[in-house]
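Coordinate analysis (summary)
As a plain string of letters, each chain reads:
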Amino acid sequence: MNRALLLVCLVPLLARAEPPAPLAGRVTDAAGRPVVGALVTARHLELARETTVYADGDGRWTTPPLEPGRYHLRARRPGFRDRTEVVELADATPGNKVLVLERETDPRELAWQLPANRWLALAVAHLPDDAAREEFLRQCTFCHQQGSWATRVQRDPEEWRKIFALMARMGGILSTRVRSGLPEALNAAYAEASYVPALGEHFAPPPPPDAVAARAVITEWEVGGTGSMQHDITVHPDGRVYSVDTTQDKLYRLDPRTGERRTFDVPRGDSPLGGVFTVLQPIPANADAHVAPHSLQVAPDGSIWITLCLGNKIARFDPRTERFEIFLQEDGLYPHTLRFDARGRAWYTLAVSNQVAMIDPRSGERRTYRLPARTWGETFAVRAVPWLLWLGRWVPFNPEGGGDAPQLPIPYGIDIAPDGGVWFSQLNAHRIGRLDPETGDIRLIDTPFAAPRRLRFDSRGNLWIPGFSSSVLARFDPRAGAFRTWDLPTEPRGTETPYALNVERRTDTVWICGTQSDTLIRFEPASERFTVYPLPTRVTYTREIEFGPGGAVWTSNSNLPAWQIEGALPKLIRLEPEGAATGSARLVRN
């Protein structure tokens, strides 16, 4: 074919190439009134990607430019029935799509529209005292929400016993006092005679996003499968996003500019199913974890470092060669949360053995520091774990029995202060601490709230801490040795379980996981103002927050099990507070 003929053939194809175009319109009720704050989601069927915007005070909405293709367009607002239409986007004309929502009148359906925290309030109200309520929140909500048909149902005592035994094998170990009272409390909370009047007949929808939040654009990409647990994410300087699948031993990579997803098998080596925690009792049937990747961060050289909690290893992944290097953790148990210091050293918590460890990628130097326990009983419990794991290979034992023993302190979150100090939290001990990386000196500080979890520093040296079972945001000033706390704005108060937070250090804005309420929460310290961003997918359990180009806030939906998530698949989530950058949703077309 000569060049002239080739050009003649290409002209019609070029003419048919459609540029990205927005969708736009209004959301109203049957009487034509605007449905303020409705979430309008355009799902590209082929790309398994959803783009969500909020309807403004007049009910108007506009998406960023989207590729031509077939979309499911859904409008949602609690108190109304969802409206979904099929839309063929084939030109650059935004149009004026009016989505009319019908009022929901069935009190049962209204109750099921509410986020998990509303149901959680019913459950904790049936527990006898504050100590029982705190234990329930800390031990029964760290894997999943009370957010689906599978969790919010009545069961007979034997069914509850099996569930509590499964929880114990996964680390959610309850005291006998709480465990014995929970079946009655949960059955009472989730009975129709209880939840229908409380949540349906007295229905109170979550408030719509305010004018600041309403500018945001949320994009969700499905990653993994129904058996996946998307635990943590990290954003690479090249713009690609990495996440780890704890139950399937996978590393995922998403390029949000092209939509390309890649899957990498994390090497298992000789780690058996369940890793070093293999005992005669099996791990959950839906899990295939031998090493269980957990936390990941980008090193100064651009490589990805990952804690492999069940494998008791650390992994390094080179994005250029796409190869892994594995380091065995010979001293300590359960590598957990990982951060890099200014010298490029990786620091991470060893949650089960109450330690903090360091590895220097350049020199190969490794150190492990044992943290003080509060009592001799805690010390004995920590030291006994390796022996119990060894014994459990031959002798069955019931991990539920540990609920009445001294608790493991559980060093959890970790971060590096501007002065180089290594700070950590002890979740069960309700303490934070500082490790001097040069001298090894350790200082422990009691927190005036329960369950400090994943903490972060701001640019001024203030340490921000989420209180997981206490529903608070806390700030600790190391110079003054003083705490200050704010109740999170989730209603009813005290029903949020903030798993993690992060600080955008250019502005020192704090972003907090609304782990139980399907939200992300922004806090501006100067004005002490909270802004709540409702997320479009029900049962959105968030664990880690990272920041990407253009001020984007990234997280993942990591409810375990994933099939409880609406749509039954985990997602990577990007929230752009000021709206999408021009062409941010555009994909490179082959």
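Residues numbered from 1 in each chain as written. Predicted model: local features only at pLDDT ≥ 70, side-chain atom pairs only at ≥ 80, totals over all residues. Heavy atoms only, no water.

Overview of the nonpolar core
One recurring pattern in soluble globular proteins is that nonpolar side chains are buried together. Here is the rule: We define a nonpolar core as any set of buried Ala, Val, Leu, Ile, Met, Phe, Trp, Tyr and Cys residues linked to one another through side-chain atoms lying within 4.5 Å. Throughout, exposure labels follow a simple rule: accessible area from a 1.4 Å probe, protein chains only, divided by the maximum for the residue type, with under 20% read as buried, over 50% as exposed, and the rest as partly exposed. Contact criterion: two residues are considered in contact whenever any of their non-hydrogen atoms come within 4.5 Å of each other.
Counting 28 residues, the largest nonpolar core has Tyr533 and Leu575 as the members making the most contacts within it. Excluding residues that lie within four positions of it along the chain, tyrosine 533 makes contacts with Tyr54, Val212, Ala213, Ala216, Trp511, Asp518, Thr519, Leu520, Arg522, Leu575 and Pro577.

Regarding the pairing of strand E23 (residues 431-435)
Put simply, the test is: A run of H or I in DSSP counts as a helix once it spans at least four residues, and a run of E counts as a strand once it spans at least two, with each numbered from the N terminus. Two strands qualify as a pair provided that DSSP identifies no fewer than 2 bridges between them.
Of all five residues in E23, five are buried, a share of seventy percent or more. Side chains of E23 alternate between two faces, with Arg431, Gly433 and Leu435 and Ile432 and Arg434 buried alike. Pairing geometry for strand E22 (residues 422-426) and E23, over five bridges, is antiparallel. Paired with serine 425 across the two strands is isoleucine 432, which belongs to E23. Hairpin remark: E22 followed by E23, antiparallel, with four residues in the connecting loop; positive phi at histidine 430, about 60°. Pairing geometry for E23 and strand E24 (residues 442-446), over five bridges, is antiparallel. Following the sheet pairing, arginine 431 is matched in E24 by aspartate 446.

Examining the environment of leucine 23
Along the chain, leucine 23 falls in the loop between helix H1 (3-16) and strand E1 (24-29). A relative accessible area of 6% places leucine 23 in the buried class. When the C-alpha positions of leucine 23 and serine 175 are compared, they lie 53 Å apart, and in sequence the two are 152 residues distant.

Description of unusual backbone geometry
The omega torsion of the bond from glutamate 491 to proline 492 falls at -5°, within 30 degrees of zero and hence cis. Mapping proline 492 onto the fold places it in the loop between strand E28 (482-487) and strand E29 (501-504). Of the consecutive residues leucine 560 and proline 561, the connecting peptide bond is found in the cis state with omega at 10°. Considering the arrangement of structural elements, one finds proline 561 in the loop between strand E34 (553-557) and strand E35 (571-576). We note that glutamate 322 has phi near 60°; this positive angle belongs to a residue other than glycine. Take glutamate 322: it is sitting in the loop between strand E15 (313-318) and strand E16 (323-328). In the Ramachandran plot, alanine 568 falls in the positive-phi region, its phi being about 70° despite a non-glycine side chain. Among the structural elements, alanine 568 can be located in the loop between E34 and E35. By relative accessible area, alanine 568 is classed as partly exposed at 22%.

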